[in-house]
Amino acid sequence: MEKNGLFSQRIRLRHLHTFVAIAQQGTLGRAAETLNLSQPALSKTLNELEQLTGTRLFDRGRLGAQLTLVGEQFLTHAVKVLDALNTAGQALYHKEENNNDVVRVGALPTAALGILPLAIGQFHQQQKDITLQVATMNNPMMLAGLKSGELDLGIGRMADPELMGGLHYELLFLESLKLVVRPNHPLLHETMTLSRVMEWPVVVAPKGTAPRQHTEALLQSQSCSIPAGCIETLSASLSRQLTVDYDYVWFVPSGAVKDDLRRGALTALPVPLYGAGEPIGIITRIDAALSIGASTLISAIRKSMPGG
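Quantities reported herein were computed from a predicted structural model and do not represent experimental measurements. (Residues numbered from 1 in each chain as written. Predicted model: local features only at pLDDT ≥ 70, side-chain atom pairs only at ≥ 80, totals over all residues. Heavy atoms only, no water.)

1. Brief notes about the pattern of salt bridges
(1) Moving on: Under the definition given, this model contains 15 salt bridges.
(2) Moving on: Notably, a salt bridge pairs Arg 240 with Asp 260, separated by 2.8 Å at the nearest N-O pair. Taken as a pair, Arg 240 in helix H11 (residues 236-245) and Asp 260 in helix H12 (residues 258-263) lie far apart in primary sequence, 20 residues in all.
(3) Moving on: Between Asp 260 and Arg 263 there is a salt bridge, and its shortest N-O distance comes to 3.0 Å. Of this pair, Asp 260 and Arg 263 both sit in helix H12, three residues apart, roughly one helical turn.
(4) Moving on: Owing to a relative accessible area of 5%, Asp 260 belongs among the buried residues under this scheme. (Salt bridge = Lys/Arg side-chain N within 4 Å of Asp/Glu carboxyl O. Helix = DSSP H or I, 4+ residues; strand = E, 2+ residues; numbered from the N terminus. Buried < 20%, exposed > 50% of the residue type's maximum accessible area, 1.4 Å probe, protein only.)

2. So, empty space enclosed by the protein
(1) Moving on: Per the counting criterion, the structure on display carries one cavity of 30 Å³ or more.
(2) Moving on: By volume, the largest cavity amounts to about 40 Å³.
(3) Moving on: In terms of lining, the largest cavity is formed by Glu 72, Thr 76, Pro 140, Leu 143, Ala 144, Lys 147 and Leu 163.
(4) Moving on: Only helix H5 (69-92) and helix H8 (139-148) provide two or more residues apiece to the lining of the largest cavity.
(5) Moving on: Ranked by residue count, the leading element in the lining of the largest cavity is H8, at four residues.
(6) Moving on: A breakdown of the residues in the lining of the largest cavity according to their chemical character gives four nonpolar, one polar and two charged. (1 Å grid on protein atoms, 1.4 Å probe; cavity = no way out; pocket = protein on both sides within 12 Å on 5 of 7 lines; lining within 4 Å. Points joined across faces, edges and corners; volume = space filled by probe spheres on them. Nonpolar A, V, L, I, M, F, W, Y, C, P; charged D, E, K, R; others polar.)

3. Structural notes on the side chain of Thr 45
(1) Moving on: In this fold, Thr 45 is placed in helix H4 (residues 39-53).
(2) Moving on: Look past the residues within four positions of Thr 45 in its chain and what remains in contact with it is Arg 14, His 15 and Thr 18. (Contact = heavy atoms within 4.5 Å.)

4. Examining H4
(1) Moving on: Taking 1.5 Å per residue, 15 residues should reach 21 Å; H4 reaches 21 Å between its end C-alpha atoms and fits that length.
(2) Moving on: If you check which residues of H4 are buried, you get Leu 42, Ser 43, Thr 45, Leu 46, Leu 49 and Glu 50. All buried residues of H4 lie within an arc of 160° about the axis, which places them on one face of the element. Of the residues in H4, the exposed ones pointing more than 90 degrees away from the buried face are Pro 40, Lys 44 and Gln 51.
(3) Moving on: After H4 finishes, the residue Gly 54 shows a positive phi value of roughly 75°. (Expected span 1.5 Å × (residues − 1). Arc of directions from axis to C-beta.)

5. A look at unusual backbone geometry
Leave glycine aside and you will find that most residues have negative phi; peptide bonds, for their part, are mostly trans.
(1) Moving on: Of note in this structure, Asn 36 is not a glycine but carries a positive phi near 60°.
(2) Moving on: Residue position: Asn 36 is located in the loop between helix H3 (28-35) and H4.
(3) Moving on: Although it is not a glycine, Ser 223 adopts a positive phi angle of roughly 55°.

6. Things to note about the side chain of Ser 148
(1) Moving on: One can find Ser 148 in helix H8.
(2) Moving on: Among the residues examined, Ser 148 registers a relative accessible area of 13% and is labelled buried.
(3) Moving on: A polar contact of 3.3 Å, which involves the side chain of Ser 148, links it to the backbone nitrogen of Glu 150.
(4) Moving on: When neighbours within four sequence positions are excluded, Ser 148 is seen to be in contact with Val 79, Lys 80, Asp 83 and Arg 285. (Polar contact = N/O pair within 3.5 Å; in protein donor to acceptor, adjacent residues only side chain to side chain.)

7. Here's the deal with the environment of Ser 223
(1) Moving on: Note that Ser 223 resides in the loop between helix H10 (210-221) and strand S9 (231-232).
(2) Moving on: C-alpha of Ser 223 to C-alpha of Ser 195: the two residues are 28 residues apart in sequence and 8.3 Å apart in space.

8. Some remarks on the packing of aromatic side chains
(1) Moving on: The tally for this structure, following the rule as stated, stands at two aromatic pairs.
(2) Moving on: Measuring from ring centre to ring centre gives 5.4 Å for Phe 19 and Phe 58, while their planes differ by 55°; the resulting arrangement is tilted. Residue Phe 19 is located in helix H2 (residues 13-25), and its partner Phe 58 is located in strand S1 (residues 58-61); the two are separated by 39 residues in the primary sequence.
(3) Moving on: A relative accessible area of 0% means that Phe 19 is categorised as buried.
(4) Moving on: By relative accessible area, Phe 58 is classed as buried at 1%.
(5) Moving on: Each residue in the set Phe 19, Phe 58 and Phe 74 is aromatic and connected to the rest through ring pairs, giving one cluster. (Phe/Tyr/Trp six-rings, centres within 6.5 Å; stacked < 30°, edge-to-face > 60°.)

9. Remarks on the nonpolar core
(1) Moving on: Judged by nonpolar contacts, the single largest core of 60 residues is most densely connected at Phe 19 and Ile 301.
(2) Moving on: It is H2 that provides the largest number of residues to this core, a total of six residues.
(3) Moving on: Filtering out sequence-adjacent residues up to four positions away, Ile 301 remains in contact with Ile 115, Leu 116, Ala 119, Leu 153, Ile 155, Leu 172 and Ile 282.
(4) Moving on: Among the nonpolar cores identified, the runner-up in size contains 20 residues, and Leu 177, Val 204, Cys 230 and Val 249 belong to it. (Core = buried A, V, L, I, M, F, W, Y, C linked by side-chain atoms within 4.5 Å.)

This is the structure:
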């Protein structure tokens, strides 16, 4: 029997649920808690799936589990299968749906904080009866959700061409990396060098993310490195709270803190930055017509941009 036939016969829903949970949570421990499984049981299921696919789906290390390129491609199909089963289940039980339209949005955590509040305010001035479902997630999960039809639009980054098949990308802006602190931070009263900055506690994005890659490139350009006692998180709200209330230095994409910088709640350190910036844009499916609600939200997002 061909390998594809064996794969189709032997794969089970538990393999897909396990795989998607690890992709969402970023670590096997958190995924096991989400699925109410022991970590050895979850690891065993993941090993079975990787044997069935004949390839590694995650790079596993002390900082968590990062999807491989093949894993990112497989994630699209896994989400699509689980979403189709969920839709079928709803149809079987004839669940009544709310008649109001719903627009489902996926966004990077920093993009949600920096772009969506103003756009949503403008949107609901025009569409008071449309529900917005907004989920923050990493870029691979967003692309998978768009391809499966689970999301109507995404605010994220351009990925490798093989992962962008069937998707349309509209550039909004280039997002630079900033180092921000509270307004009365002691660093603001002394001569600024990157090596001096790294003597203070820092908040950075987890390994494998674009902000982390830009952070490491900036530090390497100045012969510096991330200190061992750093905070690694994708939570923009937690990072902001640590920075506002304590002496942390937050390495953050500029869009997430533009309002805080404008209001003076945070201050950017005068440190030379590295690179031109990361492109952030609107991502939609090529083969799916946008609803009136989705089109209105996209228009509001464009208008919320500087010069929009």
